[in-house]
Protein chains: 2
Amino acid sequence: MTITHDLIREHRKENGSKIVLLVGDGLGGLPLAPGGKTELETAKTPNLDALTKRATLGLSIPVLPGIAPGSGPGHLGLFGYDPLEYKIGRGVLEALGIDFALGPNDVAIRGNYCTLDAAGNISDRRAGRIASEIGAKLCAKLDQIKIPGVEVFVRPVKEYRLVIVFRGEGLGGNVADTDPQATGVPPLAAEARSDCSKKTAEIANEFLRQAREILKDDAPANFLTLRGIDKLPAIPTFQEVYGLRAGAIAVYPMYRGLARLVSMNVLDAGQTLDDQMTRLKAEWDNFDFFFIHFKYTDSTGEDGNFDAKVKRTEELDSCIPKILELKPEVLIVTGDHSTPAKMKSHSWHPVPTLLAADTCRFDGSTEFGESACLRGGLGQFEAKYLMMLAMAHAGRLDKYGA
Amino acid sequence: MTITHDLIREHRKENGSKIVLLVGDGLGGLPLAPGGKTELETAKTPNLDALTKRATLGLSIPVLPGIAPGSGPGHLGLFGYDPLEYKIGRGVLEALGIDFALGPNDVAIRGNYCTLDAAGNISDRRAGRIASEIGAKLCAKLDQIKIPGVEVFVRPVKEYRLVIVFRGEGLGGNVADTDPQATGVPPLAAEARSDCSKKTAEIANEFLRQAREILKDDAPANFLTLRGIDKLPAIPTFQEVYGLRAGAIAVYPMYRGLARLVSMNVLDAGQTLDDQMTRLKAEWDNFDFFFIHFKYTDSTGEDGNFDAKVKRTEELDSCIPKILELKPEVLIVTGDHSTPAKMKSHSWHPVPTLLAADTCRFDGSTEFGESACLRGGLGQFEAKYLMMLAMAHAGRLDKYGA
């Protein structure tokens, strides 16, 4: 049990204050050359810069020094859950990413369509990267599979990727992948890695038996492999830990799923940041905490497009006045990790973070960027402590000890 | 088991990159008076200063704030082993320090020659600090001792100090010192502190019985006491944790021994930093990771000779171009602890650290010194995380979680 959660449960209080956590996904960056500026430092961010004068800045370490997190651990950290304690399996994340409402009796699996040759060996682990429409049609066929004692759900993700969910009592989530990670060999049978997952392995093998029959004429997608078989982690709810009614406003399914993982209320976010702001205003009285997710600072970074990431950062900046109009007691702007365009990938670099509240000790910052954050009053801190700071600045934590 | 090691084992990948860890022993220092400069800041270090522009600086905390480490924990931290988890006994360190190749069945003991009076009480705990030649001759005599079931090795260290090793099956390392830490009292018998060390205690007492007979006419060194009785710690190898083929280039035996403790390959280092650079170049293709140790920044600090430490720091700086010629993906320059000339001893002060790589987020530094490192992008960090940063910057770590 995370010690920070116990501290919060024992010391939290209700005071009607509001906290907004605005996450620019992959917000942190790198300069393209020594002496240069990062994406955030290059972007014109007049609203964030103005906000620094009544905020404290710092750099958030998502997991540990040197560890580049995926979206799951990155967000768990921001939500105040130790990402080394709560682990999210690949199948679970994939299901969250298509807005599938996973429950506690569900085993989620990431599936890959593959091609089997005449001898039954895998000749293509991605089934020639079939079009998404074809993948969707095959999923509709597989979704008809019946297995006694469990419900079976098969949903398309994209191209050759799909999600399978088995729902039933007593299903463990500890089953090895059936993907042999090689071609020229047959797919593996599902094998339980613990006694309580034997039933799951049997169901998976029955599913594969039926699927092989159903798909036999659908080459190149004439079979599939199963990966990342797992259940939802046992995780305390956001409301139980913080006593906050939390609303999540995220355009992308993955982030709605991550919010749902800790039982936040997922709100209709529309398609744009403007839509998200409209929803925020409409829901303002209904929640104490808002998680707002902005994807495009990450996707442009992943594309290696420095200039596009700069533009998207400016877009993020433009929503700040609309949030401030609502007068949240605490506004945090940060990222779940860095995604430097220079690296075209998530990275381990600490993430620029701004916390604005009436109780801030100011650090002399005048602009929001990695260099200013390095000199900021929050210092470098593990992301899992951010929510404690939010609760404190919101006046929602009593003192510890007499 | 250190969590960082598990993270690295699960996420590391091979990419042919090279990491160089250059350790200036005791590199950190203090100004002689308030407002002054440290040894490193006084030294002319044009190569390190130039390197800061494409590096990130920081301050490494060897163990915990306020803890001044010995060479063992100092280096274990740099190698990424938690020095509070892996403890090295004094006897083991002494054996490593004379290049004795300790094995897993060995119990290593630090011995001190002492003087017994006619009543059998200790009158001098250091046997009048006998000359090293005399100590060596006495060791040669003691090395003849035979004890059934074990091999006995006795080796001189310096003056009154020696190393005794018992080699055999089933020898525990948990035996109390026989040095009573006082004069006017007899030496203690060896006493086991756990059941599995009873055999070791019996052997030690038989060794002492024979030694008393052999040394009886050798006053002032007519007996010896045993201290720091211990075995090698069970420690995962550097290659098993990091997947790196590691070469150690250290002039002093102690540091070769510390490298050997984690199963690095100990390479012939010659006698000078130039010799070490020659060896580095010759071995460049044979290893992924190089640990290069430079002793004299520590020994001059221990001597309290500020100016000599400055000169030795300049010598260290002069080898940087030779390392850069080889184009390592990651070059780290740091120390295992601080040794301020002002204190004439190891200290707990955080250690200036420079990490140069293409993936650095630059921090505006223009020179390598304690003040610049305090403002550096690595912040203040526990030394045990340095190798995770090295692995990340070398592109050798996959992301954590999906």
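Residues numbered from 1 in each chain as written. Chains lettered and ligands numbered in written order. Predicted model: local features only at pLDDT ≥ 70, side-chain atom pairs only at ≥ 80, totals over all residues.

*Asks:* Could you give an account of the overall build of chain A, naming the residues involved and the relevant values?
*Replies:* Counting secondary structure elements, chain A contains 15 helices and 13 strands. Radius of gyration (C-alpha) of chain A: 23 Å, near the 21 Å computed for a compact globule of 402 residues. With the C-alpha coordinates of chain A rotated into their principal frame, the extents come out at 70 × 50 × 40 Å. In chain A, which comprises 402 residues, the proportion classed as buried is 54%. Contacts in chain A between residues far apart in sequence, at least 24 positions, make up 71% of those at least 6 positions apart. (Helix = DSSP H or I, 4+ residues; strand = E, 2+ residues; numbered from the N terminus. Rg over C-alpha atoms; globule rule 2.2 N^0.38 Å. Buried ≥ 20, exposed ≤ 12 C-beta atoms within 10 Å, placed from the backbone. Contact = placed C-beta atoms within 7 Å.)

*Asks:* Outline the relation of the copies chain B and chain A, supporting the account with residue identities and numerical values.
*Replies:* You can overlay chain B on chain A at an RMSD of 0.3 Å; the transform is a turn of 124 degrees with a shift of 0.1 Å along its axis. With respect to symmetry, the two chain copies, as superposed, fit the operation of a three-fold axis. Across chain B, the rotation axis passes nearest the C-alpha of Arg375 of chain B, at a separation of 4.2 Å. In this assembly the copies use different faces: only 4% of the residues contributing to the interface of chain B also contribute to that of chain A. (Least-squares fit on C-alpha atoms with pLDDT ≥ 70 in both.)

*Asks:* Help me get a handle on the interface of chain B and chain A, residues and values and all.
*Replies:* By a widespread convention, an interface's size corresponds to the accessible area lost as its parts come together. At the interface, 23 residues of chain B touch 29 residues of chain A. Looking at the side of chain B that touches chain A, the elements with two or more residues in it are α1 (3-11), β13 (379-382) and α15 (386-393) of chain B. Sorting elements by how many residues they give to the side of chain B that touches chain A places α15 of chain B first, with 4 residues. Looking at the side of chain B that touches chain A residue by residue, the classes come out as 12 nonpolar, 6 polar and 5 charged. (Nonpolar A, V, L, I, M, F, W, Y, C, P; charged D, E, K, R; others polar.)

*Asks:* Which residues make up the nonpolar core, and what values go with them?
*Replies:* The tendency in soluble globular proteins is for nonpolar side chains to be buried as a group. Residues and elements named next belong to chain B. The biggest cluster of nonpolar side chains holds 129 residues, and the ones touching the most others in it are Ile332, Leu354 and Leu355. When residues of this core are assigned to their parent elements, the largest contribution, 7 residues, is made by α15. Discounting chain neighbours no more than four positions away, the residues touching Leu355 are Ala55, Thr56, Val330, Ile332, Cys360, Leu378, Leu389 and His393. (Core = buried A, V, L, I, M, F, W, Y, C linked by C-beta atoms within 7 Å.)

*Asks:* Explain the domain arrangement of chain A to me, and be specific about the residues and the numbers.
*Replies:* All names here are of chain A. By domain assignment, chain A separates into domain 1 (3-86 + 235-393) and domain 2 (92-231). Centre-to-centre, using C-alpha coordinates, domain 1 lies 35 Å away from domain 2. Listed per partner, the contact involves 8 residues of domain 1 and 5 residues of domain 2. The greatest single-element share of the side of domain 1 that touches domain 2, amounting to 7 residues, is contributed by helix α9 (residues 253-261). The class makeup of the residues in the side of domain 1 that touches domain 2 is 4 nonpolar, 2 polar and 2 charged. (Domains from an automatic or database assignment.)

*Asks:* Could you give me a rundown of the sheet that holds strand β11 (residues 330-334) of chain A, with the residues and numbers involved?
*Replies:* Residue and element names in this part refer to chain A. With respect to topology, 8 strands assemble into an open sheet ordered β9-β8-β10-β1-β11-β12-β2-β13, the strand pairing being mixed. Each edge of the open sheet is held by one strand with a lone partner, namely β9 (265-266) and β13 (379-382). Across 4 bridges, strand β2 (residues 55-61) lies against β13 in parallel orientation. Within the sheet, the bridge partner assigned to Ile61 lies in β13 and is Glu382. Strands β1 (19-24), β2, β11 and β12 (351-357) of the sheet are contacted by helix α15 (residues 386-393), whose axis makes an angle of about 155 degrees with β11. (Pairing = 2+ DSSP bridges. Axes fitted to C-alpha atoms, helices over the stretch in contact; angles between N-to-C directions.)

*Asks:* Now, about the sheet that holds strand β1 (residues 19-24) of chain B: what can you tell me, with residues and values included?
*Replies:* Residues and elements named next belong to chain B. Taking strand neighbours across the sheet as the criterion, the 8 strands line up as β9-β8-β10-β1-β11-β12-β2-β13 in an open arrangement whose pairing is mixed. The strands lining the two open edges of the sheet, one partner per strand, are β9 (265-266) and β13. Here 5 bridges tie strand β8 (residues 246-250) to strand β10 (residues 289-294), and the two strands are oriented parallel to one another. Each bridged residue has a counterpart across the sheet, and for Ile249 the counterpart in β10 is Ile292.

*Asks:* Talk me through the environment of Leu116 of chain A; I want residue IDs and the actual numbers.
*Replies:* Residues and elements named next belong to chain A. Mapped onto the elements, Leu116 comes out in strand β3 (residues 106-116). The spacing of Leu116 and Arg212 is 96 residues in sequence and 9.8 Å in space, taken between C-alpha atoms. The residues contacting Leu116, other than those within four sequence positions of it, are Asn121, Ile122, Ser123, Asn222 and Phe223.

*Asks:* I'd love a proper account of the pairing of strand β3 (residues 106-116) of chain B, names of residues and values included.
*Replies:* Residue and element names in this part refer to chain B. Judged by how many residues are buried, β3 sits mostly within the fold: 11 of 11 residues are covered. Of the two faces of β3, the one lined by Asp106, Ala108, Arg110, Asn112, Cys114 and Leu116 and the one lined by Val107, Ile109, Gly111, Tyr113 and Thr115 are each fully buried. Sheet topology places β3 next to strand β6 (residues 161-167); 7 bridges connect them, and they run antiparallel. By the bridge assignment for β6, Asp106 is matched with Arg167. In the sheet, β3 pairs with strand β7 (residues 223-231) via 7 bridges, with the strands oriented antiparallel. Counted as the bridge partner of Ala108 is Asp230 from β7. When β3 meets strand β4 (residues 122-124), the two strands line up antiparallel, connected through 2 bridges. Paired with Thr115 across the two strands is Asp124, which belongs to β4. What sits between the antiparallel neighbours β3 and β4 is a turn of 5 residues, in which Gly120 has the positive phi angle 85 degrees.

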